[in-house]
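Spelled out from the first residue to the last, the chains are:
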Amino acid sequence: DEMTPEEREFQERIGRGEKIEPKEWMPEGYRKTLIRQIGQHAHSEIVGQLPEGNWITRAPTLERKAILLAKVQDEAGHGLYLYSAVETLGVSRDELLAMLHSGKMKYSSIFNYPTLNWADIGAVGWLVDGAAIMNQVQLQKTSYGPYSRAMIRICKEESFHQRQGYDIMMKMAFGNPAQKAMAQDALSRFWYPSLMMFGPSDKDSVHSAQSMAWKIKINTNDELRQKFVDQTVPQAKYLGLTIPDENLKWNEDKGGYDFSEPDWSEFFDVIAGNGPCNRERMNARVKAWEDGAWFRDGLVAHAEKTASRRAA
Ligand code: ACO
């Protein structure tokens, strides 16, 4: 189909690598795609606090507790920058949260899996934050200015998160046999859900082609998944742990590993709301929203009082 002159000019700006800023003209589809993707990303940061927050009171040492607390707070900060970035596209935070709570918007599939023990906190930092960075490093180059700038800071903090996870894994994997077994079990359970974070395979990715033409996405889902596997295999080897995939094999020709695809029916089931923890996560978010109503009301009342005093 034919582009309008405005659309053509927009596409040329994208081609030249220019950043698109909030008040500038953009196609409606570009704006909608950004609201969907950045909003989903923001929700993921916020919902992502739940599986880890679950372990703050049970971290094995004071130092681990302080580190985990800082990390979970960082995730809240990421959610807030990202909500601010979406707000520049003309949708309010309250609207975004209402869409999350009513199931109209998604959050990352990974946060619908439980964290059963301390080794899982290591695996989440190592694999989940590792996968998140692999995706987010390329998003620093995304075409929408506020999103790309938010990504720069988020990536710095995510690399600290990934290292803290790997550090937990090192302690566990080089610990006693029971600890090593826990580390292996955590890797075995989190491996395929981590691969799913990159989204469906390219042939089933409905948004990739248009998002890449607009440089909202820079790499395809499969490209990033491959990079993640290639980065992670040597890290698992160093830990002396086994990735639960009999087909995992170095492929000299492509210069990367061959590996098994995750069970995509499980993925589609999880994003449809039927994963192991979907209900629990959503209930926790809705409860937090409702329990915070008195505080939001107080803020509004205070702002109104201050404004009327100023007017008097
Ligand atoms: N979890 C939940 N939903 C997903 C996931 C996932 N891991 N992957 C894909 N989907 C959804 C898409 O949102 C889309 O559904 P929708 O049309 O209802 O929104 C559908 O599956 C088809 O997927 P794609 O066409 O491939 O979607 P898209 O081009 O948006 O690619 C991706 C998905 C790679 C996740 C992209 O949105 C992205 O890069 N998002 C930003 C990064 C992000 O959200 N990270 C959160 C991870 S964790 C963290 O940061 C703490």
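In this numbering scheme, every chain counts its residues from 1 along its sequence in written order. Per-residue local features are limited, in this predicted model, to residues with pLDDT of at least 70; the limit for side-chain atom pairs, both in listing and counting, is 80 or more; totals at the level of whole chains, interfaces and linings are taken over all residues. Derived side-chain values reflect all non-hydrogen atoms in the structure, with water molecules and hydrogen atoms excluded from consideration.

The protein is annotated in an unreviewed UniProt entry as 1,2-phenylacetyl-CoA epoxidase subunit A from Microvirga terricola.

Before we go on, may I ask you to explain the layout of surface pockets in this structure?
Remark: the empty space left among the atoms is shown by a probe the size of a water molecule rolled over them. For each structure, a 1 Å grid was placed over the protein atoms alone; sets of points admitting a 1.4 Å probe that cannot get out are labelled cavities, open sets with protein on both sides within 12 Å along at least five of seven lines are labelled pockets, and lining residues have an atom within 4 Å of a point. Grid points are joined across faces, edges and corners, and a volume is the space filled by probe spheres set on the points. Of the volumes computed, that of the largest pocket is approximately 1,200 Å³. A run of DSSP states H or I qualifies as a helix once it reaches four residues; a run of E qualifies as a strand once it reaches two. Both are numbered from the N-terminal end. It is helix H6 (residues 118-139) that provides the largest number of residues to the lining of the largest pocket, a total of nine residues. Polarity classes work like this: nonpolar for Ala, Val, Leu, Ile, Met, Phe, Trp, Tyr, Cys and Pro, charged for Asp, Glu, Lys and Arg, and polar for all others, with Gly in that last group. Of the residues assigned to the lining of the largest pocket, the class counts are 20 nonpolar, 16 polar and 12 charged. The calculated volume of the second largest pocket comes to roughly 240 Å³. Together, 13 residues line the second largest pocket, and Met105, Tyr107, Ile271, Gly273 and Asn278 are the ones closest to its centre. Those elements that provide at least two residues to the lining of the second largest pocket are helix H11 (264-274) and helix H12 (278-291). Per-element accounting of the lining of the second largest pocket gives the leading share, four residues, to H11. Grouping the amino acids of the lining of the second largest pocket by side-chain chemistry returns seven nonpolar, four polar and two charged.

I would appreciate a short explanation of the side chain of glutamate 52 in the present structure.
Along the polypeptide, glutamate 52 turns up in helix H3 (residues 49-53). Counted as a polar contact is a pair of N or O atoms within 3.5 Å, where, for protein atoms, one must be capable of donating a hydrogen and the other of accepting one, and residues adjacent in sequence contribute only when both atoms are in side chains. A polar contact is formed between the side chain of glutamate 52 and the side chain of lysine 71, at a distance of 2.7 Å. Any pair of residues with heavy atoms lying within 4.5 Å of one another is described as a contacting pair. Excluding anything up to four places from it in sequence, glutamate 52 contacts Leu68, Lys71, Val72, Glu75, Ile121 and Val124.

Whenever I open this one, empty space enclosed by the protein confuses me. Can you help?
Tallied over the full model, the rule gives one cavity of 30 Å³ or more. Computed from the structure, the largest cavity encloses a volume of approximately 50 Å³. Counting residues per element, the ones that place at least two in the lining of the largest cavity are H3 and H6. Among the residues making up the lining of the largest cavity, the classes are represented as seven nonpolar, two polar and one charged.

Got a minute to help me understand the packing of helix H4 (residues 62-87) against H6 in this structure?
When two helices pack together, their arrangement is given by the angle between the helix axes and the distance between those axes. With their axes 13 Å apart at the nearest point, H4 and H6 run at an angle of 40° to one another. Looking at the two axes, H4 sits oblique to H6. Handedness of the H4/H6 crossing: left-handed. Between H4 and H6, the residues in contact are Arg64, Leu68, Lys71 and Glu75 and Trp118, Ile121 and Asp129, respectively. Each residue belonging to the contact of H4 with H6 can be placed in one class, and the counts come to three nonpolar, no polar and four charged. Every axis corresponds to a line fitted to the C-alpha atoms, with the helix fit spanning only the stretch in contact, and the corresponding angles, defined between N-to-C directions, vary from 0 to 180 degrees. Each angle is binned into one of four classes, with values under 35 degrees roughly parallel, values over 145 roughly antiparallel, values of 65 to 115 roughly perpendicular, and all other values oblique. For any helix crossing, the convention is left-handed if the near helix is rotated counterclockwise from the far helix by under a right angle, and right-handed if that rotation is clockwise.

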